[in-house]
Amino acid sequence: MHSFMPPDRLLLGPGPSPVPPRVLAALARPTIGHLDPLFIAMMDEVKDLLREAFRTGHALTLPVSAPGSAGMETAFVNLIEPGDTVIVCRNGVFGGRMRENVVRIGAQAVMVDDPFGRPVDPDKVEAALRAHPGAKALAFVHAETSTGVASDARTLCRLAREHGALSIVDAVTSLGGSPLEVDGWGIDAVYSGSQKCLSAPPGLSPVSFSDTAVAAIRARRTPVQSWFLDLTLVMGYWQGSGARAYHHTAPINMLYALHEALLMLREEGLEAAWARHRANHLRLCEGLEALGLTLPVDPAVRLPQLNAVAVPDGVDEAAVRRSLLDRHGIEIGAGLGELAGKIWRIGLMGHGSTPGNVDRVVAAFGDVLGRG
Ligand SMILES: *Cc1c(COP(=O)(O)O)cnc(C)c1O
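Described in the following lines is the structure provided in the data block. (Residues numbered from 1 in each chain as written. Predicted model: local features only at pLDDT ≥ 70, side-chain atom pairs only at ≥ 80, totals over all residues. Heavy atoms only, no water.)

**With respect to the state of the cysteines**
Counted by the stated rule, this structure contains 0 disulfides. Free of any disulfide, Cys89 has its nearest cysteine sulfur in Cys157, 10 Å distant. With no disulfide of its own, Cys197 lies closest to Cys285 among cysteine sulfurs, the gap being 15 Å. By relative accessible area, which is 5% here, Cys197 ends up buried. (Disulfide = S-S within 2.5 Å. Buried < 20%, exposed > 50% of the residue type's maximum accessible area, 1.4 Å probe, protein only.)

Printed below as a string of structure tokens:
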């Protein structure tokens, strides 16, 4: 046995994205105590930086100490109680996971299904909200990483509000990569992940809750079923001035990394980052189409940070991914769920979204498919 030395890979899949050297350097700094006053001051900066990235003033904004799936679970277990009704939109794999969360709480999930590869249909959502006037929340995925489709979060949140339901939004892949306006769109609960467009390593899930959502948590009839994710307890560590109660040991070095990644995003500017993701996405579409490949998602709803590419007839989907990895050191993603074997997923997330990386992956596809 000896130390593990990872190979050189270009991560152009659905996450993790390439972590820049500056963030890796932050990760390697000396570990200090999680109650050290200087660490707590850094935590306050992380919260401020997250509020900037989410475009929100929500007081309850923090990174959950676990990956994006834990952010999802945090939103559901804190806001939903047994017996509640939740409208869940499913147009990809992650909407199905939202349903799992609701069902395991003992609440009722009313599904609004749209085909994989299409956005959530606001008309169907409105009909579901009408049919279930007591619904506690509307839950949907803003950027469906399994299909490469963006849904209209602004409209969906407005519908939720008009029907007295909280909005729960999965922004794991959208945060930092495409427009997301938590306050502007009136989002009540949003969660993300550190390893997609923020380009930190996986392991943290930024979340943010509106005052309305916090009031709903405080008004619960039952205790939150998860001790670890119970925000009323977690807040004791992440909030309040002076003395902070120990809840769990924060992943200290990971928080250095997230702090650095968020600083880099701030230096670039959020809108500049959105524009960069869009420009490199267009460059990728052009390059792939020049190779005769097709992108099945309607251009109006394509995600710039996650590009679905149709596998041509007669081409071995997995063999192409394998050759990209073995011959070119490039990782891309396979299709998930009903799209398995039908699409590849090319991520241009965070630090991975550069013209040079686009040209590299297009050239590699040309080589592997013999179409260069
Ligand atoms: C990646 C992802 C998740 C899950 O995040 P993990 O960090 O893998 O737990 C949830 N939702 C969406 C849309 C994602 O892309």
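**Notes on the packing of aromatic side chains**
Following the criterion strictly, the structure yields 3 aromatic pairs and no others. Taking the centre distance of 6.4 Å and the plane angle of 65° together, the rings of Phe39 and Tyr256 count as edge-to-face. Placement of the pair is Phe39 in helix H2 (residues 37–54) and Tyr256 in helix H9 (residues 252–268), with a sequence separation of 217 residues. This pair shows no difference in class: Phe39 is buried, exactly as Tyr256 is. Between Trp344 and Phe365, the ring centres sit 5.2 Å apart and the planes meet at 65°, which makes this aromatic pair edge-to-face. Within this pair, whereas Trp344 is found in strand S14 (residues 343–347), its partner Phe365 is found in helix H12 (residues 355–369), the two being separated by 21 residues in sequence. The residues Trp344 and Phe365 share a single accessibility class, namely buried. (Phe/Tyr/Trp six-rings, centres within 6.5 Å; stacked < 30°, edge-to-face > 60°. Helix = DSSP H or I, 4+ residues; strand = E, 2+ residues; numbered from the N terminus.)

**Structural notes on the pattern of salt bridges**
Summed over all chains, the structure comprises 20 salt bridges. We note a salt bridge from Arg29 to Glu260, for which the minimum N-O separation is 3.7 Å. One end of the pair, Arg29, is in the loop between helix H1 (21–27) and H2; the other, Glu260, is in helix H9, and 231 residues separate them in sequence. Overall, Arg29 belongs to the partly exposed group, its relative accessible area being 41%. (Salt bridge = Lys/Arg side-chain N within 4 Å of Asp/Glu carboxyl O.)

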